[in-house]
Each structure stands twice: as C-alpha cells, then as structure tokens.
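Working through the structure, step by step
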Amino acid sequence: MKLSQFKFNLPESLIAYEPADHRDESRLMVLDRKTGKIEHKIFRDVLDYFDDKDVMILNNTKVFPARMYGNKEKTGATIEVFLLRELNKELRLWDVLVDPARKIRVGNKLYFGEDDLLVAEVVDNTTSRGRTIRFLFDGTDEEFRRNIELLGETPLPKYIKRKATPEDKYRYQTIFAKHEGAVAAPTAGLHFSRELMKRLELKGIEFAEVTLHVGLGTFRQVEVEDLTKHKMDSEQFFIPEEAAKTVNTAIDAKRRVCAVGTTSMRAIESAVSADRHLKPASEWTSKFIYPPYDFSIANSMITNFHTPESTLLVMIAAFGGYENIMNAYEVAVKEKYRFYSYGDAMLII
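Residues numbered from 1 in each chain as written. Predicted model: local features only at pLDDT ≥ 70, side-chain atom pairs only at ≥ 80, totals over all residues. Heavy atoms only, no water.

Turning to helix α7 (residues 322–334), a few remarks are in order. Given a rise of 1.5 Å per residue, 13 residues ought to cover 18 Å, and the 18 Å separating the end C-alpha atoms of α7 matches this to within 8%. For α7, the full list of buried residues reads Asn324, Ile325, Met326, Ala328, Tyr329, Ala332 and Val333. Summarising the contacts, the buried residues of α7 are in contact with β1 (27–31), β2 (38–42), β16 (300–304), α6 (311–320) and β17 (345–348). (Helix = DSSP H or I, 4+ residues; strand = E, 2+ residues; numbered from the N terminus. Expected span 1.5 Å × (residues − 1). Buried < 20%, exposed > 50% of the residue type's maximum accessible area, 1.4 Å probe, protein only. Contact = heavy atoms within 4.5 Å.)

Now the structure itself:
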C-alpha cells in the first residue's frame, strides 16, 4: 500500500491537549471489523464486550521524565536534551536528541539545574539531532536517578503545545506502569482506571502483562510513499513466561484476546511461535506492520486515534481493514472524537 492512502483531514480543534477528567470516561468507538458497524460508547463500557477467561494484553512500560533543559558551557545557551536510551549504566552513557542541534558539538559540556546538579559531556554524534552524552556524576545510581527525576519533565508529545504540569506526571502514565524505559506512554492503556480494572477482574477477564519500551521511532514520520521501504527504529520488549501461558490458554480455548495498544500488538507479533502461539522473549523489535498482514495472537484491540500517514494508523488499518478504519476515522472527525495521546479510544472486535 501507499503512504498517501492514509491521509485524512484533522481539524486542530480535535487534538486533545488535556486528558479526560476521569480516565475511564473518555469516549469509545466500537468497530466490528467483520461488518464495519460502528457504536459510540464511553470507555468504561468496554466491560460489556469481554467475558470470563478473555485476556487483555497490557504494556507495563513506565515513562521516565526524558525531557531536560540545560545550558551550554561558555555561552549559557539553553539546550533541550531528550533522553532516548541508556547505553551504559556504569559509564552513564545516554543516547539523546538535542535542540538546537547546530550548537552542540563533540566535547561540549552541558550543565543542568541550579548549582549544576548534573553535568554532561557530548562524546559522539549519532544523527543530525542525535548525540551520545556522558553524565559526569560520582554518586550512586539511586542519587543519579533522583536527579533525573528532579530535573526532567514528562515527555509530552510536541503536538501538545503546552508545558508539562505535575498532573501530567501521573496522567501520562498507565496505572499498571512498572518497568521504566519508555519516552512515550502506551496511550491506549491510559483509559484504564483502578475501578474499571477491578470490575474487569470481577467479571473474570485476565490480564497478561508484557513490556515494550516505547521510543520516539514509533512516531517518526514516514518519508517514503512505498510502505515496504519504511524502516522502524528498534524497541526493546519482554514477554514473560506467565504472560505467554495466559495468552496461549485463551487462544486454545478460542477466547477473546485483546491487545491494548499498538505497542502491545508490536510486542506480541514479534514473538510468535511456529504454531502461532505467543512465546516468551527478551529481544529488540523493528517490526513494521502494514496491510496486508495476518495477525497471529490477538483477535481484538484497543487503540487511540492516530496521526495521518503514521505507522500506527497503518497498523490499525492492517488489523481492522483499510476501508473500515478510514471510514471510522471519517466518522470520528464528524462526531468530534478527541485525537492522539490524551484523546479518545477505539475498540476493534
């Protein structure tokens, strides 16, 4: 398929800059992928579509405060440093993006916080905006992490045109987040409240937790018309044995298996055994899912509404059917659904 087939017009007024007042009160579009039928619900109504022994696959990655602001030595110029990935814990080496990049060269030092709480040295160029930096810090790892927490901001996506607030630290994080390593939230999971999770448990729905540390590559613009030529950045993921067992029991019993979010879907589709079951894994994936694609594990999914011409929209179209999804997005615009990270949700069954 071609990238231009995934264009649609989205009024800026439909971009959600704030989360819903309550996690489970965002709107929910339900799409039947066999018939194309659409229903309009509230997210907590998701309960009505699942039964005893059905399984929801959750991504329990945890977002860390990846956006920092420092000052360049000598000039004092303010530099945004976006922490992407820790390369070496002992050496405190990090893969980062810097802005404005033209001012940052190998050998430059950057100072963060009052009294220069953290200092970093640029040791390598990776891409036009990418750098490898080494934090010059003699304390313990716990002290270092505490300083990152103090100095870093919640890494809200750039299209949310406001400064991060203390509330974002909580709301731009799922309630089941456990393993730190993501620079963006697995946003379909943001709709789950503790009350809704309890109600799902009482109904007999089981949860299988996987981890995929979401990187910025997931949101990188596709720059080729021919989708087969797009290359995804690698992201680290883990499928525990317990999660694989829970999912495979549901597959064998022909129960509903729901991937909560595109990141959960990428993780499970990157760990498929020869007999089309989920296998335990601790790997990196650069899998790009686009139509036509034969999904092996999940038979339903929950997702947010994504940007035009994005890898996320392309994956959703592969799962729900191209015509169904593009029609659903047209309906979503018409019905004024809220889009993107803090926006509304879609259940595809």
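Our next topic: the packing of aromatic side chains. In this structure the tally under the stated criterion is 19 aromatic pairs. Seen from their ring centres, Phe305 and Phe339 are 5.3 Å apart, and the 45 degrees between their planes marks the pair as tilted. Pair noted here: Phe305 is in the loop between β16 and α6 and Phe339 is in the loop between α7 and β17, with a separation of 34 residues, a long-range link. Note on Phe305: relative accessible area 0%, which makes it buried. Phe339 sits in the buried class, given a relative accessible area of 0%. Arranged with centres 6.2 Å apart and planes meeting at 85 degrees, the rings of Phe339 and Tyr340 form a pair that is edge-to-face. By relative accessible area, which is 9% here, Tyr340 ends up buried. An aromatic cluster of three or more residues is present, and its members are Phe8, Tyr159, Phe305, Tyr329, Tyr337, Phe339 and Tyr340. (Phe/Tyr/Trp six-rings, centres within 6.5 Å; stacked < 30°, edge-to-face > 60°.)

Attention now moves to the sheet that holds strand β8 (residues 109–112). Taken together, the six strands give a closed barrel; going around it, the order is β5-β6-β7-β10-β9-β8, and neighbouring strands pair in antiparallel fashion. Strand-to-strand twist of the sheet, defined as the mean angle between neighbouring strand axes without regard to direction, takes the value 45 degrees. Here helix α1 (residues 141–151) sits on the sheet in contact with β5 (67–72), β6 (78–88), β7 (93–99), β8, β9 (118–125) and β10 (130–135), set at roughly 90 degrees to β9. (Pairing = 2+ DSSP bridges. Axes fitted to C-alpha atoms, helices over the stretch in contact; angles between N-to-C directions.)

What follows deals with the pattern of salt bridges. Taken as a whole and judged by the stated rule, the model has 21 salt bridges. Arg276 is the partner of Asp294 in a salt bridge, and the nearest nitrogen-oxygen pair spans 3.2 Å. Of this pair, Asp294 sits in the loop between β15 (281–285) and β16 while Arg276 sits in the loop between α5 (262–269) and β15, and the two are 18 residues apart along the sequence. By relative accessible area, which is 52% here, Asp294 ends up exposed. Its relative accessible area of 38% is what places Arg276 among the partly exposed residues. The structure contains a network of salt bridges with shared partners spanning Glu86, Lys89, Arg92, Asp141, Arg145 and Glu180. (Salt bridge = Lys/Arg side-chain N within 4 Å of Asp/Glu carboxyl O.)

To find leftover empty space, one rolls a probe the size of a water molecule over the atoms. Across all of its chains, the model carries two cavities of 30 Å³ or more by this definition. Lining the largest cavity, in full, are Pro19, Ala20, Arg23, Ser26, Arg171, Leu190, His191, Ser341, Tyr342 and Gly343. The class makeup of the residues in the lining of the largest cavity is four nonpolar, four polar and two charged. Within this model, the second largest cavity holds a volume of roughly 40 Å³. (1 Å grid on protein atoms, 1.4 Å probe; cavity = no way out; pocket = protein on both sides within 12 Å on 5 of 7 lines; lining within 4 Å. Points joined across faces, edges and corners; volume = space filled by probe spheres on them. Nonpolar A, V, L, I, M, F, W, Y, C, P; charged D, E, K, R; others polar.)

What follows covers the packing of α5 against α6. Orientation of α5 relative to α6, taken along the N-to-C sense of each, is 65 degrees, at an axis distance of 11 Å. As summarised for this structure, α5 and α6 are arranged roughly perpendicular, according to the angle between their axes. The element α5 and its partner α6 pack so that their crossing is left-handed. For the pair α5 and α6, contact is made by Thr262, Met265 and Arg266 and by Leu312, Met315, Ile316 and Phe319, respectively. (Parallel < 35°, antiparallel > 145°, perpendicular 65-115°, else oblique. Left-handed = near helix turned anticlockwise from the far one by under 90°.)

Ordered in space as β2-β1-β17-β16-β14-β3-β12-β13-β15, the nine strands form an open sheet in which the pairing is mixed. In this open sheet, the two strands that pair with only one neighbour each are β2 and β15. Within the sheet, the average angular offset between the axes of one strand and its neighbour, ignoring direction, is 25 degrees. Summarising the sheet, strand β13 (residues 235–239) and β15 pair through five bridges and their orientation is antiparallel. Residue pairing for β15: Gln236 is matched across the bridge by Trp284. Packed onto the sheet, α6 meets β16 and β17 and runs at close to 150 degrees relative to β16.

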